[in-house]
Structures are given as structure tokens and as C-alpha cells.
Amino acid sequence: MKLTLDSSTFNDLQAAFTAEIVTRIKIKLQEAGIEPDRLEDLTAGIALSIAGVIDDLAEIEADGVEVHPYLTFRTDDETLVHWGENAYTYEQVYGAMRKLFHSAR
């Protein structure tokens, strides 16, 4: 498998990935009966927490070994696209939240 540096493609794929995470969190909270007035704040809080883990902002250790995730996207059977450094899904949560909660208003 080939690892390819492509910031433009990575940005597009990361935005779609982040938006999907935020959407799924919102759906699961709605299914759990969370009141509409709490839905946005809870969705954001959970999404930002998950994004921090994906972006390697959280300290993770397992059995004395530090864990450092590195996000890539498969674009075909032989290619992984990366950004060249840690992901920045944390920053993209805000745009996804805005589209999900404020575009219809």
C-alpha cells in the first residue's frame, strides 16, 4: 500500500469524516431521548472529545505504551492519503456543527 501526501484530498475527506461523526452522535442522542435544548451542546461535547483522541491531543497509554493515532484515508485499494502531521478534526467539528444545527434556521 502506498502512503501519499495530499493535503487537499485529505482535507475534503477529513471534513466528510468529521461531519459523519457529528451526525451519528446527534442521531444516537436523539434516539436516546435527549431533549432538543440539550442536543447541540451534548453533540458538540462528545464530538470534540472524540476528535481530540483522533487528533492525538489526548494522552493515551495502554500497558505502558503510548498510543499515537495517525489519520489516513484509503482512496483506492493501493493508496492511503495523509496530511503529513496529526489530523485536525477537532477544528472541523465546529463547521460540521454549524451545518447540522444552524443551516436550516
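This structure is a prediction, so every number in the text was calculated from the model and none was measured. (Residues numbered from 1 in each chain as written. Predicted model: local features only at pLDDT ≥ 70, side-chain atom pairs only at ≥ 80, totals over all residues. Heavy atoms only, no water.)

Some words on the side chain of Thr43
Phase 1 of the analysis: The residue Thr43 is located in helix H2 (residues 36–54) in this model.
Phase 2 of the analysis: Contacts of Thr43, omitting those with residues within four sequence positions, involve Val22, Ile25, Lys26, Leu29, Met97 and Phe101. (Helix = DSSP H or I, 4+ residues; strand = E, 2+ residues; numbered from the N terminus. Contact = heavy atoms within 4.5 Å.)

Notes on the packing of helix H1 (residues 7–31) against H2
Phase 1 of the analysis: For the pair H1 and H2, the least separation of the axes is 9 Å and the interaxial angle reads 135°. Taken together, the axis directions place H1 and H2 in an arrangement best described as oblique. For the pair H1 and H2, the sense of crossing is right-handed. Each of Phe17, Ile21, Val22, Ile25, Lys26, Leu29 and Gln30 in H1 lies in contact with H2, whose residues at this interface are Leu39, Leu42, Thr43, Ile46, Ala47, Ile50 and Ile54.
Phase 2 of the analysis: Looking at side-chain class alone, the contact of H1 with H2 contains 11 nonpolar, two polar and one charged residues. (Axes fitted to C-alpha atoms, helices over the stretch in contact; angles between N-to-C directions. Parallel < 35°, antiparallel > 145°, perpendicular 65-115°, else oblique. Left-handed = near helix turned anticlockwise from the far one by under 90°. Nonpolar A, V, L, I, M, F, W, Y, C, P; charged D, E, K, R; others polar.)

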